[in-house]
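Structural overview
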Amino acid sequence: MLGEMSSVGPNGASGRITALLGPTNTGKTHFAVERMLGHRTGIIGLPLRLLAREIYDRVAASVGRSRVALVTGEEKIVPANADYFLCTVEAMPMDRRFAFLAVDEIQLTADGERGHVFTDRLLRARGIEETMFLGAETVRPIIRRLVPDSQFVSRPRFSTLTFTGRKKLSRLPKRSVVVSFSAPGVYATAELIRRHRGGAAVVLGALSPRTRNAQVAMFEAGDVDYLVATDAVGMGLNLNVDHVAFAGLDKYDGFSRRDLTPAEIGQIAGRAGRHMRDGTFGTTADSRSMAPEIIERVENHRFGRVEIVQWRNVALDVTSARSLIASLEAAPPATHRNVLARARDADDYLVLKSLVAEPEISALAKGRAAVKTLWEVCQIPDFRKTMAEAHTRLLGRIYRHVMSPAGVLPTDWVADHVSRLDRTDGDIDTLAARIAHIRTWTYISYRSEWLSDARHWQERSRAVEDGLSDALHDRLTQRFVDERTSALLRRMNEKQPVYGHVGDDDAVVVEGYALGHIEGLRFVPDRTALPAENRGLRAAASRVVSREIQLRAKELASAGDKAITLTSDRTLNWRGFPLARLTPGKDALHPGVALLPSELDGEWARHVRKRLERWLVDYIGRTLQPLTRLTETEVDAAGRGILFQMRESMGLLPRPAVENQLSRLTRVERAAMRQQGVRFGANSIFLPAMLRPERSALAAQLWQLHRNPTVTPPSTPAPRQSVSAQKGVPSGFYGAAGYVRLGRRAIRADAAERLTGAVHKQTRKSVVRESEDLTALAGCSGEEFARVMRDLGYRRKPEQPGAFIRSYRRPAKAEAVTKRTTKGSASSDSPFAALGELAVAAERRRK
C-alpha cells in the first residue's frame, strides 16, 4: 500500500489535536508558526506555494536557512539538518514524523478539485506532540465528526470589515486590491487602472514565486497603489490592503460558471484591513450588485457549515494497474459516507486510465515496482491546464524511458525540452505558458531516480524559470505600470503647460510621449496612455490634432477619385480609413452621405461631405451606367412603366409582374428597349450588363440601404452563378443583384434562362431527366434541384428517381410565364417567352 503515515505519538499516545478556527485576519497562521518554533521539529501544510514561500522566508529569517525546508510541487529546498518544513498540502512528506504538525485552510476539504488531499490530512496527518488544523468556522461540524478528540479554539477578527458599495475603477481608494476571476479579466482591469490611476501590480496563481514577489514588492513599496489579482489573493497572502473590490461575483470552477458562495466572498474580502486596521470591501467595474443578505453575512462572518467533504482512497493496491485503478475508485468507508463523498476523477487518475489503455504501457506496468512508478509518473502535474492530450503523451514517454534498461530519462531528450523553453521573447501569455511548462520539468527534476544528474537539471530548470520570471515581471510592469504616463499625469495635474506634434507615422506626441494616432480625419487615443477623465491632457492632444486634421481636409478636397473607395459595409474610405457612411436618399440610386465622428466641424466638415457626395454621384453613374441610362429610351406609357420599375428594382423584374404591360409593347418599342440592353426572358426582364460582379454587388447594396437601412447588408451572391438563398433575405435583394429565386436557390438571371431553355427542350420528350448539365446550371442536385424544378412547374415522376413531368397546376411560387402573350411578343422575344402558354395548352388537351 502507498501513503501510510503514523497518527500516534511515542508510546502509542496521540498528541494534542487543536482546531483553531476563525475568519481572516485573526492571526491563525502566525500563531501556528510560533507554536511550531516552540517545538523541536515541525511542519505546516499550506494551500498555496506562494504562501508556503512567504512563510518559509519568514521562518528562515528567524532561525536560519539551514534549519528550514521548503517543499512544493516544483520547488524543494531541503537542508541536511532541517527541523522545520513549510510545504504545500499536497507536497507534505507523509513518511516523516514531526513533533508539531499544522494544516492551514482546512475548510478546503470541501473543495471539488483539491478537497480529497485536505481530507486525507485531516484524517491521517498527526504531529507526535501537537497537531493543529487552521480554518474557518464552517468546518467545525466536520472536524467534530471525523476527529472527535479535537479541542476547538475560536479566534475573533482583529479588525472590522465594512461594505462600502460600488465604486468606479477611477474612484477606488489607494491601497486597493481588485479581484477578477480569470487571467483576461485581471489584464483588462489592470489596463483600465493604468489608464485612470497610472499603474497596478498583478498577482495570479500561475505566476512563479519570483514574479509574484516582484509584483507584490511594487505594491508594498508604494510604487503603485493598486493590485489586481485572481481569487488566489484570498488564501493567506498578507498584504497592506485597505479595500477589496470585486470586479465580478461569479467564476468558472473547472466545470461551469457559478456564483461565488458567501464564504468565498468573505475569504477574499477579509484581505482588507490587517491586524488592528479596519478594512472595507465592495464592487467595481462590471460586477453586479451584492445581495444585502450576503453583505450582512460577510460583515459578521456568518457562513453556512460544511456538511460534506471530498475523499479519495489512499490505501492504494499497486499489485497491478487494474488493482490500482480499482483502489482509486473505491467508495468511502461505510461508517462515514454521510460526510465523505468520493472525489471527482482527478487529473492523475484520468492520465493513469489513458496510459493503461495503451498496450505498450500496459505491458510495462507489471509488478508492484512498475505500477508504483507508473502512478508516480501520472502524478506529474500539468501546470498548463489546457493541453491534456499533450501532457498525457509526455508522461507516456517519460514512463517508457524510466522503464527502459537505462532506467533514466535520456539527457539529450531532457536538454531539448528545457532548452526550447529558455527564451525570454514573446508577450505576457507566451512567457506565462513557458513558465507553466518549465514548472513541469522542475517537478520532474526533483525525482532524482529518473535523472542521471538530477542536481544539474534542478539548477538548470530553476535558472530557466528565474529568467522567464524576470522577463514576465518586466512585461507586466511595462504593460500595466508606465512611469512616463504617471509622470505626464502628474505634470498635467500640476497645471504645467504641455507641447506636442504629429509624427510621420501619424502618432500624436505630447511631451515626447505618444497619446494616440490619427486615422484619416479621426483621432484615436491610446486608451492606456490617455485617461478619459483627464481633460487637460486631452485638450493638449486636441490642439495638436486640430491643426493636422484641417491640413488633411484640404488635401481630401483636391484628391483624385481613386483615393476614395466604397466598402461592402456602406462606408466611404479615404487612404483606407473610414470617413462616412451611406444613408437612405430619395431613391436607391441617390443615397446620402453622413460623416463619421471626427475632429472636423463647421465649414471643414461641410467641405468634406460635399466632396464625398460628388464622388458618390460620379461613382454610381459610372458603375451602374446600364441602369441609369434606361430612362433615355423613347417608348410609350407601357414601356416607360416597365423601365421605371426596372430602375427601381435595380435592373431585374419577374416577368409575370409586367406581363400585361409587355403585351402592349410594339415591335419597335421592344427593339428600342433591347437596344438599351434589356433582355426579355422567360423568367424575368433584366439587364445582362448589370450581371457583372461589381455592378451586381453595388446594386444589391444600394437596394438594401434604401429598403432596410438598419439591417446589416447580406453578402452579395456575385460572382457565383447559383447560391443558397439566405433565410430572411427578401427576393428583391437577390433581384437587385441580378438573381432569380427558384426553390431555395438564387440563380443568376442568365443562368436561370439557360436552365429554363434546357428544361423546355426536354419537355418535348414528355419527361425531363435530372442531368449534370441541368444541375450545373441550377447549382444544386437532389432535393434542392427538385424544389427548383417545382418552381419551374415540374414535379417528380412517381417511381422514377431523377425524372420530372409537367405539373397539372402551377406552383404558387413559380416565376415562369403563365399568361398569354401577344403573337408579336411570342415570336420576337426569347424562344421560351411562351413557355407558360404552351404548358396551359398542354394541360387543356390532357383534360
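Described below are features of the structure shown in this document. Predicted, not measured: the structure shown is a model, and the values here were computed from it.

Here the focus is the environment of Ser 289. Turning to its location among the elements, Ser 289 is positioned in the loop between strand E16 (279-283) and helix H8 (292-300). Residue class for Ser 289 comes out exposed when judged on its relative accessible area of 63%. In this structure the C-alpha to C-alpha distance between Ser 289 and Leu 249, which are 40 residues apart in sequence, comes to 8.7 Å.

This part takes up the sheet that holds strand E29 (residues 684-686). As summarised here, the arrangement of the three strands in space is E27-E29-E28, forming an open sheet in which the pairing is antiparallel. The sheet terminates laterally at strand E27 (652-654) and strand E28 (679-680), the two strands that pair on one side only. In terms of strand pairing, E28 meets E29 through two bridges, oriented antiparallel. Bridged to Phe 680 within E29 is Ile 685. Across the sheet, helix H21 (residues 637-648) touches E27 and E29, and the angle it forms with E27 is around 115 degrees.

What follows is about empty space enclosed by the protein. Evaluated as defined, the whole model comprises six cavities of 30 Å³ or more. As for the largest cavity, its lining consists of Glu 519, Leu 521, Arg 522, Pro 578, Leu 579, Leu 595, Leu 596, Pro 597, Ser 598, Leu 600 and Val 608. Its residues assigned to classes, the lining of the largest cavity shows eight nonpolar, one polar and two charged. Classifying every residue of the lining of the second largest cavity gives five nonpolar, no polar and four charged.

Once that is clear, we can look at the nonpolar core. Counting 66 residues, the largest nonpolar core has Leu 624, Met 650 and Val 678 as its most contacted members. When near neighbours in sequence (up to four residues on either side) are disregarded, Met 650 contacts Ala 588, Leu 589, Leu 624, Leu 627, Met 690, Ala 699, Leu 702, Trp 703 and Ala 736. If you look at the next biggest cluster of nonpolar residues, it comprises 62 residues, including Val 228, Ile 361, Val 418 and Trp 457.

For the α-helix, the turn length of 3.6 residues means that residues three or four positions removed from each other point alike. Taking 1.5 Å per residue, 13 residues should reach 18 Å; helix H6 (residues 209-221) reaches 18 Å between its end C-alpha atoms and fits that length. Taken as a whole, H6 has its buried residues at Pro 209, Thr 211, Arg 212, Gln 215, Val 216, Met 218 and Phe 219. Residues of H6 that are buried make contact with helix H2 (49-63), strand E10 (176-179), strand E11 (201-203), strand E12 (226-229) and helix H16 (454-480). Positive backbone phi, at 85 degrees, marks Gly 222, one or two positions downstream of H6.

Rules of the game
Residues numbered from 1 in each chain as written. Predicted model: local features only at pLDDT ≥ 70, side-chain atom pairs only at ≥ 80, totals over all residues. Heavy atoms only, no water. Helix = DSSP H or I, 4+ residues; strand = E, 2+ residues; numbered from the N terminus. Buried < 20%, exposed > 50% of the residue type's maximum accessible area, 1.4 Å probe, protein only. Pairing = 2+ DSSP bridges. Contact = heavy atoms within 4.5 Å. Axes fitted to C-alpha atoms, helices over the stretch in contact; angles between N-to-C directions. 1 Å grid on protein atoms, 1.4 Å probe; cavity = no way out; pocket = protein on both sides within 12 Å on 5 of 7 lines; lining within 4 Å. Points joined across faces, edges and corners; volume = space filled by probe spheres on them. Nonpolar A, V, L, I, M, F, W, Y, C, P; charged D, E, K, R; others polar. Core = buried A, V, L, I, M, F, W, Y, C linked by side-chain atoms within 4.5 Å. Expected span 1.5 Å × (residues − 1).

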